[in-house]
Amino acid sequence: GTESRGPGKDASSQISLPSSSQAFAELVDLYPTTVALAGLPAVGEALDGTSLLPVLEAPHATHAKEAAFSQYPRCPQFDLLTDPERWECLWVPKANITRMGYTVRVVDARYTEWRAWQAGCVADWSPAGLVASELYDHYGDDGVGAAAYDDFENVNLAHEPARRAQVQALAARLRAQFERAPGC
């Protein structure tokens, strides 16, 4: 792997960077990771992210982060085939966004809820606000290459009776993560 050093670190504190890891990482983790690599004091608890330094130091160890979350808009009032940029809400004013996708990725699954997006830039977390849901089984997914997505996201299992408990548990995690998120 590649080695990394930062200010305040001597040659004895070099880290051999792994080529891959099964640990979850989110973009919000980059800032606290950079701070840790630079040897700067830890930032307060106001950040959503966590340092990935433990992953860099021990890529195959068990890590505290059990899930990764994401949020992304959709504007179904535009046609995906004829106007894909506006369907993805690119260049669309915030007031015209009508759907928001919330996703949690855990070791063996990815679960998404599509929610009605209300004025004030908040999701409708009531039962009526749920527009659609998706559950994809990622059992056996090693996270490497195109197959990590393509081979595991073909059959939506969200409405399978055998998956009801899993859907409920993942839906609760989404709600806990996003329901109190501030508007725009």
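That block above? That's the structure.
Values in this document were obtained by computation on a predicted structure and should not be read as measured data.

Engineer: Even after reading the chapter, I still don't get the nonpolar core, so can you show me in this structure?
Structural biologist: Within soluble globular proteins, side chains that are nonpolar generally end up buried alongside one another. Membership of the largest hydrophobic core comes to 25 residues, with the highest contact counts inside it found for Tyr102, Val104, Tyr111, Leu135 and Leu174. Those elements giving two or more residues to this core turn out to be strand E4 (99-106), strand E5 (109-118) and helix H5 (164-178). With 5 residues, H5 is the largest single contributor of residues to this core.

Engineer: What is the right way to look at the pattern of salt bridges in this model?
Structural biologist: Side chains bearing opposite charge may pair, as long as their charged atoms lie close to each other. Under the counting rule described, the total for this entry stands at 9 salt bridges. A salt bridge links lysine 65 to aspartate 29, with the shortest nitrogen-to-oxygen separation between them at 2.6 Å. Separated by 36 residues along the polypeptide, lysine 65 in the loop between helix H2 (53-57) and strand E3 (68-74) and aspartate 29 in the loop between strand E2 (15-16) and helix H1 (30-37) bring together distant segments of the chain. Looking at aspartate 29, the relative accessible area reads 0%, which means it is buried. The network of salt bridges with common partners includes Glu26, Asp29 and Lys65.

Engineer: Would you take a moment to explain the state of the cysteines for this structure?
Structural biologist: Two cysteines form a disulfide when their sulfur atoms are joined by a covalent bond. The full count for this structure, using the stated rule, is 1 disulfide. The side chain of cysteine 75 participates in a disulfide bridge whose partner is cysteine 89; the two sulfur atoms lie 2.2 Å from each other. Across the disulfide from cysteine 75 to cysteine 89, rotation about the S-S bond amounts to roughly 120°, and the bridge is consequently right-handed. Of this pair, cysteine 75 sits in the loop between E3 and helix H3 (84-87) while cysteine 89 sits in the loop between H3 and E4, and the two are 14 residues apart along the sequence. Cysteine 89 shares its class with cysteine 75; the two are buried.

Here is what the cut-offs are and how they apply
Residues numbered from 1 in each chain as written. Predicted model: local features only at pLDDT ≥ 70, side-chain atom pairs only at ≥ 80, totals over all residues. Heavy atoms only, no water. Core = buried A, V, L, I, M, F, W, Y, C linked by side-chain atoms within 4.5 Å. Buried < 20%, exposed > 50% of the residue type's maximum accessible area, 1.4 Å probe, protein only. Helix = DSSP H or I, 4+ residues; strand = E, 2+ residues; numbered from the N terminus. Salt bridge = Lys/Arg side-chain N within 4 Å of Asp/Glu carboxyl O. Disulfide = S-S within 2.5 Å.

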